[in-house]
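# A structural walkthrough
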Protein chains: 2
Amino acid sequence: MSRLDSHVGYWLRCVANQFSHALNRELEDKGVTLTEWIALRELYDTDMRSSALAERLGMTRGAVSKLARKLASNLMITQQASAGGSRAQMLSLTDDGRAVVRVFAVILDQADQEFFGHLEPDTRALIVAILRDIVRRRGLRAVPAD
Amino acid sequence: MSRLDSHVGYWLRCVANQFSHALNRELEDKGVTLTEWIALRELYDTDMRSSALAERLGMTRGAVSKLARKLASNLMITQQASAGGSRAQMLSLTDDGRAVVRVFAVILDQADQEFFGHLEPDTRALIVAILRDIVRRRGLRAVPAD
DNA sequence: TATTGTTATACTCTATAACTATA
DNA sequence: TATAGTTATAGAGTATAACAATA
């Protein structure tokens, strides 16, 4: 019977878990979860409806509703009703939220550097290309928030 | 500000998550969680105390106690008191448990093949070597059960 | 006294599904 | 009617910490 550690997936999960945990430790200090940060990061590039964010994160509308309420209560985002008293809402980062995203972007850059910075550029590029290709083959469903 | 997907860690987490989810889907059908299977797989190679298993899996003794009770109730493992009426117990796979591990080992082989089988042997070896090295640098704490 | 295992409790995260409000 | 968002509920999984038993 094959050993667990004879699989590529085993080592991939080891490193991915260590990477996630390292990020989580950083984020915990600031009272933000990984999921919350990814949501904020998505909203940095473009305002989004709650349902669109749910789609991006691979979560249910209910889960995102709760997430959005927490982020709004922390003054990270606003939930603005569309014009005309519509119930549909647009999620937008506040200035505070945008600042937080920038801070965490630096933390992410540093974490990536710590884990993978020692690799030759060619090697890095090769690995990213391979992983990208696997994601493409299998179809990316959502940003990995878990 | 850098994009999420400019990081190696991002793509690593994408693929690792897809891999974990693919495994979970297979395991769900059989009523076993990923954590349970990894526990069983650890016990296949050697009997272990509950506390040693907790150490291996990076879980608390309480969590493993619950896990062991479930596995024992499913007749996958036995919790044998050591000789002399000691309270310390040894966790051992039953014949059923050993059979289950062998079935899932095949499923894992197949999943790894599906995800990474298309890579050239050299490429596979390179990736494993790099990941292994990163784990070594950072110190492997536990088998990735989450 | 230190270690091992169990238990009770609580917490976090999420899904499900029923519900409300809108188009 | 279909869609968007909310809420209540429940379940999984785990940590914490108090506890019991043992060495």
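All residue numbers refer to position in the chain's written sequence, counted from 1. Working convention: letters from A go to chains and numbers from 1 go to ligands, in the order in which they are written. Where totals are concerned, whole chains, interfaces and linings use all residues; where local detail is concerned, this predicted model gives features only for residues with pLDDT of at least 70, and gives and counts side-chain atom pairs only at 80 or more. In computing side-chain properties, one takes all heavy atoms of the structure into account and sets aside hydrogens as well as water.

### Regarding the pattern of salt bridges
Residue and element names in this part refer to chain A. The term salt bridge refers to a side-chain nitrogen of Lys or Arg lying within 4 Å of a carboxyl oxygen of Asp or Glu. In the structure shown here, the tally under the stated rule is 14 salt bridges over all chains. In this structure, Arg 41 and Asp 45 form a salt bridge, with 3.1 Å as the shortest nitrogen-oxygen distance. Note that Arg 41 and Asp 45 are positioned in helix 2 (residues 34–45) at a spacing of 4 residues, about one turn of the helix. Note on classification: 1.4 Å probe, protein chains only; a residue is buried when its accessible area is under 20% of the maximum for its type, exposed when over 50%, partly exposed between these limits. For Asp 45, a relative accessible area of 58% translates into the label exposed. Arg 56 is the salt-bridge partner of Glu 42, the closest N and O atoms lying 2.8 Å from each other. A residue pair is termed long-range when its members are at least 10 positions apart, and Glu 42 in helix 2 and Arg 56 in helix 3 (residues 50–57) qualify at 14 residues. Within this structure, Asp 133, Arg 136 and Arg 137 form a network of salt bridges that share partners. Counting from the N terminus, the helices are DSSP H or I runs at least four residues long and the strands are E runs at least two residues long.

### Brief notes about the side chain of Ser50(A)
Residues and elements named next belong to chain A. Its place among the elements puts Ser 50 in helix 3. Judged by relative accessible area, which is 16%, Ser 50 ranks as buried. By definition, residues are in contact when any of their heavy atoms lie within 4.5 Å. In this view, Ser 50 contacts Val 64, Gln 89 and Leu 91; residues no more than four positions away in its chain are not counted.

### A word on the relation of the copies chain B and chain A
Fitting of the copies onto one another was done by least squares over C-alpha atoms, counting residues only where both copies have pLDDT of at least 70. Mapping chain B onto chain A is achieved by rotating through 180° and translating by 0.0 Å along the same axis, at an RMSD of 0.1 Å. With respect to symmetry, the two chain copies, as superposed, fit the operation of a two-fold axis. Here 100% of the contact residues of chain B are again contact residues in chain A; the copies associate through an equivalent surface.

### Structural notes on the environment of Gly31(B)
All names here are of chain B. In this fold, Gly 31 is placed in the loop between helix 1 (8–29) and helix 2 (34–45). Owing to a relative accessible area of 47%, Gly 31 belongs among the partly exposed residues under this scheme. If near-sequence neighbours (up to four positions away) are discounted, Gly 31 is found in contact with Glu 36 and Lys 70.

### Re helix 4 (residues 61–73) of chain B
Residue and element names in this part refer to chain B. To estimate how far a helix should extend, the number of its residues minus one is multiplied by 1.5 Å. The end-to-end C-alpha separation of helix 4 is 18 Å, in line with the 18 Å expected for 13 residues at 1.5 Å each. Regarding helix 4, the residues found buried are Val 64, Leu 67, Ala 68, Leu 71 and Ala 72. Considered in projection along helix 4, the buried side chains sweep an arc of 130° and stay on one side of the axis. Turned more than 90 degrees away from the buried face of helix 4, the exposed residues are Lys 66, Arg 69 and Ser 73. Immediately beyond the C-terminal end of helix 4, within one or two residues, lies Leu 75, with a positive phi of roughly 65°. It is the directions from the helix axis to the C-beta atoms whose arc is reported.

### Concerning the environment of Arg61(A)
All names here are of chain A. Mapped onto the fold, Arg 61 is located in helix 4 (residues 61–73). For Arg 61, a relative accessible area of 65% gives the class exposed. C-alpha of Arg 61 to C-alpha of Trp 37: the two residues are 24 residues apart in sequence and 18 Å apart in space. Beyond its immediate sequence surroundings of up to four residues, Arg 61 is in contact with Ser 51 and Ala 54.

### A short note on the packing of helix 1 (residues 8–29) of chain A against helix 6 (residues 121–138) of chain B
Orientation of helix 1 of chain A relative to helix 6 of chain B, taken along the N-to-C sense of each, is 35°, at an axis distance of 9 Å. For the element pair helix 1 of chain A and helix 6 of chain B, the recorded crossing hand is left-handed. Residues Val8(A), Trp11(A), Leu12(A), Cys14(A), Val15(A) and Gln18(A) of helix 1 of chain A pack against Arg124(B), Ile127(B), Val128(B), Leu131(B), Arg132(B), Ile134(B), Val135(B) and Arg138(B) of helix 6 of chain B. Partitioned by chemical class, the residues of the contact of helix 1 of chain A with helix 6 of chain B number 10 nonpolar, 1 polar and 3 charged. Axis geometry follows a simple rule: fit a line to the C-alpha atoms, using only the stretch in contact for helices, then measure angles between N-to-C directions, giving values from 0 to 180 degrees. Helix crossings get a hand from a simple test, with the near helix turned counterclockwise from the far one by less than a right angle marking a left-handed crossing and a clockwise turn marking a right-handed one. Side-chain classes follow a simple rule in which Ala, Val, Leu, Ile, Met, Phe, Trp, Tyr, Cys and Pro form the nonpolar group, Asp, Glu, Lys and Arg form the charged group, and the remainder, Gly included, forms the polar group.

### Notes on the pairing of strand 3 (residues 89–93) of chain B
Residue and element names in this part refer to chain B. We call two strands paired when DSSP finds no fewer than two bridges between them. One ladder, built from 2 bridges, connects strand 1 (residues 48–49) with strand 3; its direction is antiparallel. The residue of strand 3 that forms the bridge with Arg 49 is Met 90. Pairing geometry for strand 2 (residues 77–81) and strand 3, over 5 bridges, is antiparallel. Each residue of the ladder has a partner; that of Ile 77, found in strand 3, is Leu 93.

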